[in-house]
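For reference, the chains in residue letters:
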Amino acid sequence: MSKVAILGYGTVGSGIYDVLTTNSDEIAKNAGEPVEVKYVLDLREFPGDPVGEVLVHDFDVILHDPEVSVVAEAMGGLKPAYSFAKAALEAGKSYCTSNKELVEAYGADLIATAAAHNCNFLFEASVGGGIPIIRPMRESLTSDRILAITGILNGTTNYILTNMASGKKEFGEALAEAQQLGYAERDPSADIAGGDASRKIAILASLAFGKDVHFTEVYTEGIENIHPEDFLYAKKLGMAIKLLSDTRTIRQHYYACVAPMLVDMNHPLYAVNSVYNGIMVQGNKVGLLMFFGSGAGKLPTASAVVSDIVEAVKNPGRHLPVHWSEEKLELSDFKTSVKRFLVRVSGSLEEKKELCERLFAPCKYLEVEELTGEFGVLTRTMSETEFEEAAAQMPGLITRIRLA
């Protein structure tokens, strides 16, 4: 029998406890032996909750118990998660986490620590919630060179954009509804400004290309400046607006970004709506793969953590290789990347067409019946720098959205 400790008894931590106790027979069958929760660490008390029988308040109890072979962490943040992870791994205990901040900041370091002590640092739940994406990249795509990963990695922003598209709501209204339904935090800044998604794409880029990517180096835009009018143009084009996280290699240059983009109805991510996530992986031999499912939530995320626990139990004293070195990956300047842009311009198309032709041609023009005093322009494929220079010369430019 393997003994497990859970760090944190909040939403995800209680979900891990639930999955391990409710599905104990299935887990034992897949792990090859029973898996028992010996400890749950939390500073709080939980009167009347069965977890009280295994509740402890001191991490050292877990660290110094030789029976505990796996630690599952669902606390979030870097302190004390990093010191707990480092100590557990140095003690030879595998560490499974849903903590994207920890994985993004210290993933390479903790993988190396695990390798040095013949145990494992596993983090399936840190990206995509219940969607299996880390393990397929680590195990199933080892014969391929990853060329690109594009995903909808944040359910909060996807819900807001879906709501705005279907209900013609302003951003503030859609955000308030997401908060009321529990899809958005009281302070939603990490979601709506793109920080959450940039951490996740940094993790995927590090795994795809084998070197460390820090989220602060990922070009990031959120959805705060998306307006109901933008969806009218999207509808005219037969497209949807999604907050996409993207990393790719082009002629040995590496790029990573998070930004709202237009996707057409043939794009695999077009129909990923509400709080769902979708992740598209392109390999040089396997081609295009699509992963879809619940990207967050108590039980989907907990299920992913428990799948890591099962893997750790199945491999005692054996480190499973993860190709993510501490060497920094040099990302190319995002301004050299190329895209087409949808530009909204105030004024008359007749008056500004000649200037548009000079700046953006060959281009396509759009006019929406519901909107007066403005028009849309689909530009040619341009680098970010070229677009910025052209946009600076266009009076009355309202907004711009990239095309995926």
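As a reminder, the structure under discussion sits directly above these lines.
Anyway, here's the lowdown on the structure attached to this text. (Residues numbered from 1 in each chain as written. Predicted model: local features only at pLDDT ≥ 70, side-chain atom pairs only at ≥ 80, totals over all residues. Heavy atoms only, no water.)

## Section: helix H13 (residues 349-360)
Which entries qualify depends on this criterion: A run of H or I in DSSP becomes a helix once it reaches four residues, and a run of E becomes a strand once it reaches two; helices and strands are each numbered from the N terminus. Multiplying 1.5 Å by the helix residue count minus one yields the expected span of that helix. Relative accessibility thresholds used throughout: buried, under 20% of the residue-type maximum; exposed, over 50%; partly exposed, between the two (1.4 Å probe, protein chains only). Here the arc refers to the directions that run from the helix axis out to each C-beta atom.
Helix length check: H13, at twelve residues, gives a terminal C-alpha distance of 14 Å against a target of 16 Å (1.5 Å per residue), a shortfall beyond 12%. Within H13, the full set of buried residues consists of Leu-349, Lys-352, Leu-355, Cys-356, Leu-359 and Phe-360. The arc that holds the buried residues of H13, viewed along the axis, is 130°, so those residues lie on one side. Residues of H13 that are exposed and point more than 90 degrees away from the buried face comprise Glu-350, Glu-354 and Arg-358.

## Examining the sheet that holds strand S3 (residues 55-56)
Which entries qualify depends on this criterion: Paired strands are those between which DSSP finds at least two bridges.
Strands sit in the order S3-S2-S1-S4-S5-S6 across an open sheet of six strands; the sheet is parallel. The sheet is open, and its two edges are formed by S3 and strand S6 (121-122), each paired on a single side. As judged from the two bridges shared by strand S2 (residues 35-41) and S3, these two strands associate in the parallel manner. From the neighbouring strand, Val-40 faces S3, where its bridge partner is Leu-55.

## Quick word on the pattern of salt bridges
The test is simple: Salt bridges are defined as contacts in which a side-chain nitrogen from Lys or Arg sits within 4 Å of a carboxyl oxygen from Asp or Glu.
Per the stated rule, a full pass over the model turns up 24 salt bridges. A salt bridge links Arg-44 to Asp-42; its shortest N-O distance comes to 2.9 Å. For Arg-44, a relative accessible area of 44% corresponds to the partly exposed category. Residue Asp-42 is classed as buried on the basis of its relative accessible area, which comes to 9%.

## Looking at the pairing of strand S12 (residues 287-294)
Bridging between strand S11 (residues 276-283) and S12 involves eight bridges; their strand directions are antiparallel. By the bridge assignment for S12, Ile-279 is matched with Phe-291. Hairpin connection from S11 to S12: three residues lie between these consecutive antiparallel strands.

## Structural notes on empty space enclosed by the protein
Using the following cut-off: A 1.4 Å probe that fits but cannot get out identifies a cavity on a 1 Å grid over protein atoms alone, an open set with protein on both sides within 12 Å along at least five of seven lines counts as a pocket, and a residue lines either if it has an atom within 4 Å of a point. Grid points are joined across faces, edges and corners, and a volume is the space filled by probe spheres set on the points. Classes in brief: Ala, Val, Leu, Ile, Met, Phe, Trp, Tyr, Cys and Pro nonpolar; Asp, Glu, Lys and Arg charged; the others, Gly included, polar.
All chains considered together, the criterion is met by one cavity of 30 Å³ or more. Considering only enclosed or pocket space, the largest cavity measures out at about 40 Å³ in volume. As for the largest cavity, its lining consists of Phe-121, Leu-122, Phe-123, Glu-124, Ile-134, Arg-135, Arg-138, Asp-308 and Val-322. Every element with two or more residues in the lining of the largest cavity is listed here: S6 and helix H6 (134-140). Counting residues per element, the lining of the largest cavity draws most heavily on H6, at three residues. Taken together, the residues of the lining of the largest cavity break down into five nonpolar, no polar and four charged.

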